[in-house]
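What the coordinates show
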Amino acid sequence: MLKIQDLRVNYGGIEAVKGISFEVPDGSIVTLIGANGAGKSTTLRTIAGLVKPTGGSILWNGEDITGKTPNAIVERGITLVPEGRRVFANLTVLENLKIGAYLRKDNLSNDIEHVYELFPRLKERSWQLAGTLSGGEQQMLAVGRALMSRPKVMMMDEPSLGLAPLVVKDIFSIIQTINQQGITVLLIEQNANMALHVADIGHVLETGRLTLSGSGQELLSNEAVKKAYLGT
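Read on for a plain summary of the structure.

The rules behind the values
- Residues numbered from 1 in each chain as written.
- Predicted model: local features only at pLDDT ≥ 70, side-chain atom pairs only at ≥ 80, totals over all residues.
- Heavy atoms only, no water.
- Buried < 20%, exposed > 50% of the residue type's maximum accessible area, 1.4 Å probe, protein only.
- Helix = DSSP H or I, 4+ residues; strand = E, 2+ residues; numbered from the N terminus.
- Pairing = 2+ DSSP bridges.
- Contact = heavy atoms within 4.5 Å.
- Axes fitted to C-alpha atoms, helices over the stretch in contact; angles between N-to-C directions.

1. Section: the pairing of strand β4 (residues 55-60)
Counting buried residues along β4, five of its six residues qualify, which places the element largely inside the surrounding structure. Where strand β1 (residues 2-11) and β4 come together, five bridges link them in antiparallel fashion. In the strand pairing of β4, Q5 is matched with S57. By the bridge criterion, two bridges tie β4 to strand β5 (residues 63-64) in an arrangement that is antiparallel. Across the sheet, W60 pairs through a bridge with E63, a residue of β5. Hairpin remark: β4 followed by β5, antiparallel, with two residues in the connecting loop; positive phi at N61, about 50°.

What follows is the structure, given as structure tokens:
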């Protein structure tokens, strides 16, 4: 479905992503793990059209979408749930959801109800300002907002960051549910243990390079991964 080939990205003369290649198969959960500054967020932002690559290509079902605008990427069914939630604090929950469907011209009511079924707390807070929600609720809203564009691939940047352990479990459960409903997930996470437990495929990114790849279970049992990322 999504194919990254020899992707390179420079930030101010520094090569943040150094020629990485990987695939995101249809229906899978793929995770990129690595330390801060490894290039994980840059990779997602480049796929989303927010950052222009300096080399390589991004293929979507065989079409080269390298360097296309964020709108063009969303139109093709690829959405990004950004790090830090980035909800519109002065708008209500419902208004935030509607913004997620800004490219659509059809009726949104069924999709809004679907989001509310996934996240009953958002329905309870439909008219509440997003800035007054808890961190976990804001993360649910960010995911719900992304779902409103009817994505085929949802990219998620550190969805568990700053959340309480119980809320983190909820978020990962929701990721699995979304995937079971037919949405492919590309996930980057510092919580490598949780990410690899839900992932079909995992890649380790270190200083802009992919150093290790395998199934989630293979990486969980890899001694180098255990030592570097799992604290065991």
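2. So, the sheet that holds β1
Strand order in the open sheet made by the four strands is β2-β1-β4-β5, with antiparallel pairing throughout. Edge positions in the sheet fall to β2 (14-24) and β5, since each has one partner strand and no second. Contacts between helix α1 (residues 40-47) and the sheet are confined to β1, β2 and β4, with β1 contributing the most and set at about 115° to the helix.

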